[in-house]
Amino acid sequence: MRILLVEDEPKVASFIKKGLEEQSYEVDQAYDGNFGLKMALQNEYDLVILDIILPHMSGLEVCQAVRKKKSQVPILMLTALGSTDDKITGLDAGADDYLTKPFEFKELLARLRALTRRSGDNGGGEKLSIADLEMDLGSKTVTRGGKPINLTAREFALLHYLLRNRGRVVSRIDITENVWETSFDTGSNVIDVYINFLRKKIDKGFPGKLIHTLVGMGYVLKEDDA
């Protein structure tokens, strides 16, 4: 598995690179945003680890630029900025997950495994659908009314989970455990943010809302009641 690590702090970069290589990952490294973006666009990676604060070009800008060209490559953002708003800014830029410095290496590995497992599951070409929304697990594509919808790896995984459970109410805890395979601070609204990302992409501008909120219970993917 090939990973791109974009981190400007030499000690942190060395710590991550050495640990990943000991786990048999192949790691390419960049120390600034410009070079990191160039490498991300010129090569094929299974995952990108991206620090937010970088020389020349911020990690947020790199993430946004990568997303315009490669919507499905998983991106894990590293940040020393620990507030929920800071994390949401990274997710809004297109990151699939975030990890706040300092962190334990085993937590980094758990996040990487979850992201690559989700992105690597091709579903044997299976297709899931509701109303005029269709997901092709083989080609990793989503359409609504025949119109292609570009999703990040995390958005794709979230929609996949909702489609698997269409018609069933799923709680924030259900989503956290099955899509992120980890746990968030109970005060975090990351799940709500991602649901809003999905709504903007699969509901906005289309007839008939598919993602519904049940206050105090969770979310359900279903067609509008007649």
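Residues numbered from 1 in each chain as written. Predicted model: local features only at pLDDT ≥ 70, side-chain atom pairs only at ≥ 80, totals over all residues. Heavy atoms only, no water.

Draft legend 1. Region of the structure containing the domain arrangement of the protein chain. Assigned domains of the protein chain: these are domain 1 (2–120) and domain 2 (127–221). Inter-centroid distance (C-alpha atoms) of domain 1 to domain 2 is 23 Å. The partner domain 2 presents 20 residues to the 20 residues of domain 1 that form the contact. Counting each side, the surface lost to burial between domain 1 and domain 2 is near 1700 Å², with a carbon and sulfur contribution of 49%. In this assembly, domain 1 and domain 2 are joined by 1 salt bridge. A salt bridge links Asp 97 to Arg 154; the shortest N-O distance between them is 3.1 Å. There are 6 residue pairs in polar contact (both at pLDDT 80 or more) connecting domain 1 and domain 2. Elements with a minimum of two residues in the side of domain 1 that touches domain 2: α4 (84–92), β5 (97–100) and α5 (105–120). In the side of domain 1 that touches domain 2, the residues fall into 7 nonpolar, 5 polar and 8 charged. (Domains from an automatic or database assignment. Contact = heavy atoms within 4.5 Å. Buried area = accessible area lost by both parts, 1.4 Å probe. Salt bridge = Lys/Arg side-chain N within 4 Å of Asp/Glu carboxyl O. Polar contact = N/O pair within 3.5 Å; in protein donor to acceptor, adjacent residues only side chain to side chain. Helix = DSSP H or I, 4+ residues; strand = E, 2+ residues; numbered from the N terminus. Nonpolar A, V, L, I, M, F, W, Y, C, P; charged D, E, K, R; others polar.)

Draft legend 2. Structural detail: unusual backbone geometry. Each neighbour pair has its own omega, and for Lys 101 with Pro 102 the value is -10°, a cis peptide bond. Along the polypeptide, Pro 102 turns up in the loop between β5 and α5. We note that His 56 has phi near 75°; this positive angle belongs to a residue other than glycine. Note that His 56 resides in the loop between β3 (47–51) and α3 (59–69). Residues other than glycine seldom take positive phi values, yet Lys 140 does so here, at roughly 55°. Inspection of the secondary structure assignment puts Lys 140 in the loop between β7 (133–136) and β8 (141–144).

Draft legend 3. Representation of the sheet that holds β3 within the structure. The 5 strands lie next to each other as β2-β1-β3-β4-β5, forming an open sheet whose pairing is parallel. Strands with a single pairing partner mark the edges of an open sheet, and in this sheet they are β2 (26–30) and β5. When the angles between neighbouring strand axes are averaged without regard to direction, this sheet yields 20°. Summarising the sheet, strand β4 (residues 75–79) and β5 pair through 4 bridges and their orientation is parallel. Bridging across to β5, Met 77 finds its partner in Tyr 98. Where helix α2 (residues 33–42) meets the sheet, it contacts β1 (2–6) and β2, and its direction lies at approximately 140° from that of β2. With respect to the sheet, α3 is in contact with β3 and β4, its orientation differing from that of β4 by roughly 170°. (Pairing = 2+ DSSP bridges. Axes fitted to C-alpha atoms, helices over the stretch in contact; angles between N-to-C directions.)

Draft legend 4. Geometry of the pattern of salt bridges. Throughout the structure, instances matching the rule amount to 18 salt bridges. Of the charged contacts, one joins Lys 127 and Asp 136 as a salt bridge, the two residues approaching to 4.0 Å between their closest N and O atoms. For Lys 127, a relative accessible area of 52% puts it in the exposed group. Accessibility expressed as a relative area gives 16% for Asp 136, which makes it buried. (Buried < 20%, exposed > 50% of the residue type's maximum accessible area, 1.4 Å probe, protein only.)

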